[in-house]
Amino acid sequence: MRVYVPLTLAGLAAAHRAGELGPGPLTAYAVTPALREWYVSDDIEELEYAALNRAASASLRLIAGDPRAARRRVVVAVDVADGAAVADPDHILDASSLGEVTIASAVPLAKAAAVHVDSDDADEDVTAAAAALGAADLGDDDAQFTVDGAEDHELLWFGVQEIPGLIG
């Protein structure tokens, strides 16, 4: 099963040093039945893209919670055993938790398929979105527009062997 783990650049650096994503439990995003129903598609690539975007939103939340974090969203795509990623049945109907899964233990970075990171040109929009996130959560439409501005940036794809260049 492919899961998408939200991080910051500092989190990616720590995972690279440790050789693993963790410690567990890890929050990740995947194609869950609830995400499949919400997205209303049978195309697995579209569904995985939706899960990736959910993880990118979670990465933005990590950035917003750490004023020292670089303003670039980071998502690591990892392959885990089907039973390793578990959706919380109490959150199935919670729209903010669509696609969210928990992985009980650390995952070797060697299981990563790719790393997705914002380009440098997203920095200004990600910075503004991180600052506006709290107001957007409270229903401020202008703040939500600012948060959506970060989501307009596509994350770039990098091979795992490129991590040293990303964190250097």
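Residues numbered from 1 in each chain as written. Predicted model: local features only at pLDDT ≥ 70, side-chain atom pairs only at ≥ 80, totals over all residues. Heavy atoms only, no water.

(A) A look at the overall build of the chain. Tallying secondary structure elements over the chain gives 6 helices and 9 strands in all. In terms of overall size, the chain behaves like a compact globule, its C-alpha atoms giving a radius of gyration of 15 Å where 168 residues would be expected to give roughly 15 Å. With respect to the principal axes defined by its C-alpha atoms, the chain has extents near 40 × 40 × 25 Å. In the chain, which comprises 168 residues, the proportion classed as buried is 43%. For the chain, contacts bridging at least 24 residues in sequence account for 76% of all contacts bridging at least 6. Looking at charge distribution, the chain has the averaged site of its 10 positive side-chain charges lying 8 Å from that of its 29 negative ones. (Helix = DSSP H or I, 4+ residues; strand = E, 2+ residues; numbered from the N terminus. Rg over C-alpha atoms; globule rule 2.2 N^0.38 Å. Buried < 20%, exposed > 50% of the residue type's maximum accessible area, 1.4 Å probe, protein only. Contact = heavy atoms within 4.5 Å. Lys, Arg positive; Asp, Glu negative; His and termini not counted. Charge placed at Lys NZ, Arg CZ, Asp CG, Glu CD.)

(B) Looking closely at the environment of Thr32. For Thr32, the position within the fold is in the loop between strand 3 (26–29) and helix 2 (33–39). Setting aside its immediate chain neighbours within four residues, Thr32 contacts Ala87, Gly99, Glu100 and Val101.

(C) Region of interest: the pattern of salt bridges. Summed over all chains, the structure comprises 5 salt bridges. The partner of Arg73 in a salt bridge is Asp118, and the shortest N-O contact between them spans 2.7 Å. With Arg73 in the loop between helix 3 (44–64) and strand 4 (74–79) and Asp118 in the loop between strand 8 (112–117) and helix 4 (123–137), the pair connects residues that are 45 residues apart, well separated along the chain. Judged by its relative accessible area of 0%, Asp118 falls in the buried class. (Salt bridge = Lys/Arg side-chain N within 4 Å of Asp/Glu carboxyl O.)

(D) Looking closely at the nonpolar core. The biggest cluster of nonpolar side chains holds 25 residues, and the ones touching the most others in it are Val3, Leu12, Leu21, Val76, Val78, Ile103 and Val115. Contributing elements (two or more residues each) for this core: strand 1 (2–7), helix 1 (9–18), strand 3, strand 4, strand 6 (100–103), strand 8 and helix 6 (163–167). Apart from residues no more than four positions distant in its own chain, Val3 is found in contact with Ala28, Tyr29, Ala30, Val76, Ala77, Val78, Val80, Ala85, Val101 and Ile103. Judged by nonpolar contacts, the second largest core, of 14 residues, contains Leu35, Ala50, Leu52 and Ala56. (Core = buried A, V, L, I, M, F, W, Y, C linked by side-chain atoms within 4.5 Å.)

(E) Up close: the packing of aromatic side chains. Within the structure shown, the criterion is met by 1 aromatic pair. Ring centres of Trp38 and Tyr39 lie 6.1 Å apart, and the angle between their planes is 50 degrees; this geometry places the pair in the tilted category. The partly exposed category is assigned to Trp38, whose relative accessible area is 47%. (Phe/Tyr/Trp six-rings, centres within 6.5 Å; stacked < 30°, edge-to-face > 60°.)

(F) Looking closely at a negative patch on the surface. Together, Asp121, Asp123, Glu124, Asp125, Asp148, Glu151, Asp152 and Glu154 line one region of the surface with negative charge. Elements with a minimum of two residues in the negative patch: helix 4 and helix 5 (141–151). No other element matches the 3 residues that helix 4 contributes to the negative patch. Residue placement: Asp123 occurs in helix 4. A relative accessible area of 36% places Asp123 in the partly exposed class. (Patch = residues over 30% accessible without salt bridge, like charges linked within 9 Å, V, L, I, M, F, W, Y side chains within 5 Å. Areas by Shrake-Rupley, 256 points an atom, 1.4 Å probe, with all protein chains shown as cover.)

That is the geometry; function is a separate question.
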